[in-house]
Amino acid sequence: MAKRTFGIDFGTSTIKVYKNGNGIILLERNAVTTVGKEKRPVAIGEKAYEMYEKAPPSIHVSLPLSRGVVSHLKDMVALWNFMGEAISGRKKLKRCQFYIAVPADITEVEKQAYSKIITQSDSMPQKVCLIDKPIADAYGLGLDIERSRGIMIANLGADTAEISVLSLGGIVVSRLLPYGGNDFDRAIQNYVRKNYNIVIGLKTAEQIKIELVSAVESDRSYTVVGRDVLKGLPGKITITSREIYPLVKDIFYIFAAQISSLLEHTPPEISSEIVHNGIYLTGGTSFVEGLNQLLANEVRIKINTTDDAQKTVVAGIGYLAEHPKIAAKYAVPLEQ
Ligand SMILES: Nc1ncnc2c1ncn2[C@@H]1O[C@H](COP(=O)(O)OP(=O)(O)OP(=O)(O)O)[C@@H](O)[C@H]1O
Ligand SMILES: [Mg+2]
C-alpha cells in the first residue's frame, strides 16, 4: 500500500490516531494553545490543557470541540497542523489519505466541518473520507455488523453519549446526547468551590472523578490541593466518594432512560437480537465503577464492557482505513 493512510477519532477530550501498518500511534488531549491574531499554535495536548483556566490573556487556550461538533474550526486546524508534524516524522504529512469517524446524529454541515480540519490544514490530503462513528465503533469491537440483525452500542464519552442501533450493515437509529464525563468534572469543580471555598482546575476535578466516581456504593477518599478563595492561599481537602455520588447520579439514570427508550422504539426482530447479545458499552466514561451494573439493572439487559473502551472507535476507523473497499460502503459523501 503506497499511500500513507490514517484513521482518526477526534474526541472532545482525546484525539486518537491510527496509522496504516502501525496501529494506534497517538492518544492526545484535544486542546491547543495559540498566540496572536493569526493563532500560531505553541502547545497542544496535555501541555495546552494544563494551561487551561490559568493562561495570561495574551495566550489563548482552546478546547475546539464541544458536544460532538467542531465549535472552533480555526483552532482545530491549528491543532492539527501542530499534531501533523508530530505524527508524520521526518516525512511531511502531505498527499495522505484520512478516514475520520463522525457522530451519526449531527447535521451534514456539522459532519463536513470534520473534513475541513484536514482540508484547511497544511496536510494537502489526497483523500478525506467520513464514516459514522457507530459503524467504526462496531468494527473496533470486532462485531459482524453486516450479518447481525441487531447491535446496540452506547458510546459514553467526555462531552457526549452516542447510543446507536445497527442492523445488517446500517445504522437504524442513533442519538447523540449532550452528556458525558466532562459534566462530572464540572459538577465536582463547582461542588468543591461552593462547599469548601477551594478553587480547583478541571484537570484536578477529572482526577477526583477517576479516583472517586462510582455508580455503586463505595467508600473511598482522595486528597487534593486547590486555592482557598477566602485566604488566597493553597488549601488541602479530602473528598469522599459518598459526596461525589449525588453530583453525578442523575446522568447515570439519563443514560439508562435513553437506552430503554431507544430499545422501546426498536422493531422486535432487531431488539430480540440485542436482548440476546447484550448492549455494548464503549467510551472512557464506561470505566465508571459499577455503571455497567446500574445500567443492566435499569434496562434489564446484559451489558458488555471492554478494557479498550476509549480505543474502539479509532481501532474501527483504522480497520476501515486499511480496508478501503469495505469503508466505501459506509462513506458519508463529501461536498465538492
Ligand atoms: N477510569 C475512569 N473513570 C471515569 N472516567 C474516565 C476514566 N478514564 C477516562 N474517563 C473519562 O472518559 C472521558 C474520555 O473518554 P473518550 O476518550 O471516550 O471521550 P472522547 O472521545 O474524547 O469524547 P466524545 O466522544 O464525547 O467526543 C473523559 O471524560 C475521561 O475523564
Ligand atoms: Mg469519543
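Computed from a predicted structure; not experimentally measured. (Residues numbered from 1 in each chain as written. Chains lettered and ligands numbered in written order. Predicted model: local features only at pLDDT ≥ 70, side-chain atom pairs only at ≥ 80, totals over all residues. Heavy atoms only, no water.)

Observations concerning the overall build of the chain
Thought 1: A count of helical and extended segments in the chain gives eleven helices and 19 strands.
Thought 2: Scaling as 2.2 N^0.38, a compact globule of 336 residues should have a C-alpha radius of gyration of about 20 Å, and the chain matches this with 21 Å.
Thought 3: Principal-axis analysis of the C-alpha atoms gives the chain an extent of 65 × 55 × 30 Å.
Thought 4: Across the 336 residues that make up the chain, the buried fraction comes to 53%.
Thought 5: Surface summary for the chain: the accessible area is close to 15700 Å², and the carbon and sulfur share equals 50%. (Helix = DSSP H or I, 4+ residues; strand = E, 2+ residues; numbered from the N terminus. Rg over C-alpha atoms; globule rule 2.2 N^0.38 Å. Buried < 20%, exposed > 50% of the residue type's maximum accessible area, 1.4 Å probe, protein only. Areas by Shrake-Rupley, 256 points an atom, 1.4 Å probe, with all protein chains shown as cover.)

Here we look at the site of ligand 1
Thought 1: Lining the immediate environment of ligand 1, one finds 21 residues, of which Thr 12, Ser 13, Lys 16, Glu 206 and Lys 209 sit closest.
Thought 2: Between ligand 1 and Thr 14, the relevant distance is 2.9 Å, taken from an oxygen atom to a main-chain nitrogen or oxygen of the residue.
Thought 3: One of the side-chain N or O atoms of Thr 160 is found 2.8 Å from an oxygen atom in ligand 1.
Thought 4: In isolation ligand 1 offers 650 Å² of accessible surface; the protein chains occlude 90% of this area.
Thought 5: Ranked by residues supplied to the shell around ligand 1, first place goes to helix H6 (residues 202–212) with three residues.
Thought 6: The residue makeup of the shell around ligand 1, split by class, is four nonpolar, twelve polar and five charged. (Near = heavy atom within 4 Å. Polar contact = N/O pair within 3.5 Å; in protein donor to acceptor, adjacent residues only side chain to side chain. Nonpolar A, V, L, I, M, F, W, Y, C, P; charged D, E, K, R; others polar.)

Brief notes about the domain arrangement of the chain
Thought 1: What the domain assignment reports for the chain is domain 1 (5–136 + 312–332), domain 2 (144–179 + 249–304) and domain 3 (181–247).
Thought 2: Each of domain 1 and domain 3 has a C-alpha centre, and these two points are 31 Å apart.
Thought 3: Counting from both sides, the interface comprises eight residues of domain 1 and, opposite them, eight residues of domain 3.
Thought 4: Both faces considered, domain 1 and domain 3 share a buried interface measuring about 630 Å² in area, 37% of it formed by carbon and sulfur atoms.
Thought 5: Taken as a group, Tyr 49, Glu 53 and Arg 67 account for 57% of the area that domain 1 buries against domain 3, more than any other trio of residues on that side. (Domains from an automatic or database assignment. Contact = heavy atoms within 4.5 Å. Buried area = accessible area lost by both parts, 1.4 Å probe.)

Quick notes on the pattern of salt bridges
Thought 1: One pass over the structure, following the stated rule, counts 17 salt bridges.
Thought 2: Asp 183 is paired through a salt bridge with Arg 67; the nearest N and O atoms lie 2.9 Å apart. In this pair, Asp 183 is assigned in helix H5 (residues 181–196) and Arg 67 in the loop between strand E7 (65–66) and strand E8 (69–70), connecting sequence segments 116 residues apart.
Thought 3: The network of salt bridges with shared partners includes Arg 29, Glu 46, Lys 203 and Glu 206. (Salt bridge = Lys/Arg side-chain N within 4 Å of Asp/Glu carboxyl O.)

Examining the packing of helix H4 (residues 133–140) against helix H10 (residues 312–322)
Thought 1: For the pair H4 and H10, interaxial distance at closest approach is 6 Å and the crossing angle is 90°. Comparing their axes, H10 and H4 come out roughly perpendicular. Contacts between H4 and H10 pair Lys 133, Ile 135, Ala 136, Asp 137, Tyr 139 and Gly 140 from the former with Thr 312, Val 313, Ala 315, Gly 316, Ile 317, Tyr 319 and Leu 320 from the latter.
Thought 2: When grouped by side-chain class, the residues that make up the contact of H4 with H10 number eight nonpolar, three polar and two charged. (Axes fitted to C-alpha atoms, helices over the stretch in contact; angles between N-to-C directions. Parallel < 35°, antiparallel > 145°, perpendicular 65-115°, else oblique.)

Observations concerning the packing of aromatic side chains
In this description, an aromatic ring pair is defined by two values, namely the gap between the centres and the angle between the planes.
Thought 1: Using the criterion set out here, one finds nine aromatic pairs in the structure.
Thought 2: Relative to Tyr 330, the ring of Tyr 139 has its centre 5.8 Å away and its plane inclined at 65°; by these criteria the two rings are edge-to-face. Taken together, the residues Tyr 139 in helix H4 and Tyr 330 in the loop between helix H11 (324–328) and strand E19 (331–332) connect sequence positions 191 residues apart.
Thought 3: Relative to Phe 252, the ring of Phe 184 has its centre 5.7 Å away and its plane inclined at 80°; by these criteria the two rings are edge-to-face. (Phe/Tyr/Trp six-rings, centres within 6.5 Å; stacked < 30°, edge-to-face > 60°.)

A few points about the sheet that holds strand E14 (residues 198–199)
In a beta sheet, neighbouring strands are held together by backbone hydrogen bonds and run either parallel or antiparallel to one another.
Thought 1: On the basis of which strands lie adjacent, the open sheet formed by three strands has the order E14-E15-E16 and antiparallel pairing. Single-partner strands in this sheet number two, and they are E14 and strand E16 (234–240).
Thought 2: Contacting strand E15 (221–228) and E16, H6 runs over the sheet at an angle of about 165° to E15. (Pairing = 2+ DSSP bridges.)

Remarks on the sheet that holds strand E10 (residues 127–132)
Thought 1: The strand order across the open sheet formed by six strands is E3-E2-E1-E9-E10-E19, and the pairing between neighbours is mixed. Edge positions in the sheet fall to strand E3 (23–29) and E19, since each has one partner strand and no second.
Thought 2: Bridge count for strand E1 (residues 5–10) against strand E9 (residues 97–102) is five bridges, and the pairing is parallel. By the bridge assignment for E9, Gly 7 is matched with Tyr 99.

Quick word on the nonpolar core
Thought 1: Within the largest apolar cluster, 41 residues are counted, with the highest numbers of intra-cluster contacts made by Met 152, Phe 252, Ile 279 and Leu 295.
Thought 2: In terms of residues, this core owes the most to one element, helix H7 (residues 241–264), which gives nine residues.
Thought 3: Both domain 2 (144–179 + 249–304) and domain 3 (181–247) contribute no fewer than three residues apiece to this core.
Thought 4: For Ile 279, the residues in contact, after removing those within four places along its chain, are Met 152, Ile 259, Leu 263, Ile 274, Val 299, Ile 301, Lys 302, Ile 303 and Asn 304. (Core = buried A, V, L, I, M, F, W, Y, C linked by side-chain atoms within 4.5 Å.)

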